[in-house]
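# Structure at a glance
Residue strings, one per chain:
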Amino acid sequence: MYRVLSPDGQLFAYKRVEIRGGDDGENLCESYINEIKLLQNLKGSPYIIELLDAEVDRDQMYIAMVMEVGEIDLAKVLQKQMQLNKKTEGGAGGSGVSSLSPFFVRMVWQEMLEAVDHIHMNRIVHGDLKPANFVFVKGHLKLIDFGIAK
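The text that follows walks through the structure, step by step, so that each part is easy to find. It should be emphasised that the depicted structure is a prediction, and the values quoted were computed from it without experimental measurement.

Analysis parameters
Residues numbered from 1 in each chain as written. Predicted model: local features only at pLDDT ≥ 70, side-chain atom pairs only at ≥ 80, totals over all residues. Heavy atoms only, no water. Helix = DSSP H or I, 4+ residues; strand = E, 2+ residues; numbered from the N terminus. Buried < 20%, exposed > 50% of the residue type's maximum accessible area, 1.4 Å probe, protein only. Contact = heavy atoms within 4.5 Å. Areas by Shrake-Rupley, 256 points an atom, 1.4 Å probe, with all protein chains shown as cover. Lys, Arg positive; Asp, Glu negative; His and termini not counted. Charge placed at Lys NZ, Arg CZ, Asp CG, Glu CD. Pairing = 2+ DSSP bridges. 1 Å grid on protein atoms, 1.4 Å probe; cavity = no way out; pocket = protein on both sides within 12 Å on 5 of 7 lines; lining within 4 Å. Points joined across faces, edges and corners; volume = space filled by probe spheres on them. Nonpolar A, V, L, I, M, F, W, Y, C, P; charged D, E, K, R; others polar. Polar contact = N/O pair within 3.5 Å; in protein donor to acceptor, adjacent residues only side chain to side chain. Axes fitted to C-alpha atoms, helices over the stretch in contact; angles between N-to-C directions.

Secondary structure assignment for the protein yields three helices and seven strands. Mapped in sequence order, the helices and strands of the protein form the string β-β-α-β-β-β-α-α-β-β. For the protein, the spread of C-alpha atoms along the principal axes amounts to about 55 × 40 × 30 Å. By residue count, 37% of the 150 residues in the protein fall in the buried class. Look at the contacts in the protein between residues 6 or more apart in sequence, and 56% of them connect residues 24 or more apart. Carbon and sulfur atoms form 55% of the exposed surface of the protein, whose accessible area is close to 9400 Å². Taking the average place of the 17 positive charges on the side chains of the protein and the average place of its 21 negative ones, the gap between the two points comes to 5 Å.

Next up, the structure:
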């Protein structure tokens, strides 16, 4: 995944995957085709990362996707908070997330639940819900990585 700059100065995420031959390559290709179709169906949702363009080139054996860019994923936010807690508590232990603002926690939970509800209302099961698959985009949490979704 790369951050790329458009000619008009907008920042996007660019993902390019090289496909190997054989069954592994075909399975990988089908997984990305499935992800592209799901993201196209969910286009315009405020809860799902937006796919702007995609190309599947079986002759050149690659898949390319251009998406809106996220600033940071939820796993990294939680990890940074745990590190901050360890510094301020002098390594006293504990869960490491004790100083998360209840307002932040409420906002994150609400946006996570809205994202999951939205995909379920569209009869999609994500299959890999974890903090790393939620990214902040302009202050709002969005769900990413529909590679194994059904």
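On to the sheet that holds strand β6 (residues 134-137), then. Ordered in space as β5-β6-β7, the three strands form an open sheet in which the pairing is antiparallel. Both edges of this open sheet fall to β5 (72-73) and β7 (140-143), since each of them pairs with a single strand only. Alignment of β6 against β7, held across four bridges, turns out to be antiparallel. Bridging across to β7, F136 finds its partner in L141.

We now examine the layout of surface pockets. Taken as a whole, the largest pocket holds about 350 Å³ of empty space. Residue lining of the largest pocket: 20 residues in total, with M1, A13, G70, V135 and I144 positioned closest to the centre. Put simply, the parts of the chain that give the lining of the largest pocket at least two residues each are β1 (2-5), β2 (11-18), α1 (22-41), β4 (62-68) and β5. Here the residues of the lining of the largest pocket are counted per class, giving eleven nonpolar, one polar and eight charged.

Further remarks concern the side chain of S6. As for its placement among the helices and strands, S6 is situated in the loop between β1 and β2. With relative accessibility at 15%, the residue S6 sits in the buried group. Of the polar contacts made by the side chain of S6, one reaches the side chain of D8; its length is 2.2 Å.

This part takes up the sheet that holds strand β3 (residues 51-57). One open sheet accounts for four strands, arranged β1-β2-β4-β3; its pairing is antiparallel. The strands lining the two open edges of the sheet, one partner per strand, are β1 and β3. If you compare each strand with its neighbour and ignore which way they point, the axes differ by 25° on average. Here β1 pairs with β2 via four bridges, running antiparallel. Each bridged residue has a counterpart across the sheet, and for V4 the counterpart in β2 is F12.

This part is about the environment of S99. Within the element layout of this structure, S99 appears in the loop between α2 (74-88) and α3 (102-121). For the pair S99 and A115, spaced 16 residues apart in sequence, the C-alpha separation works out to 25 Å. Residue contacts for S99: discarding those within four places in its chain leaves Q81 and N85.

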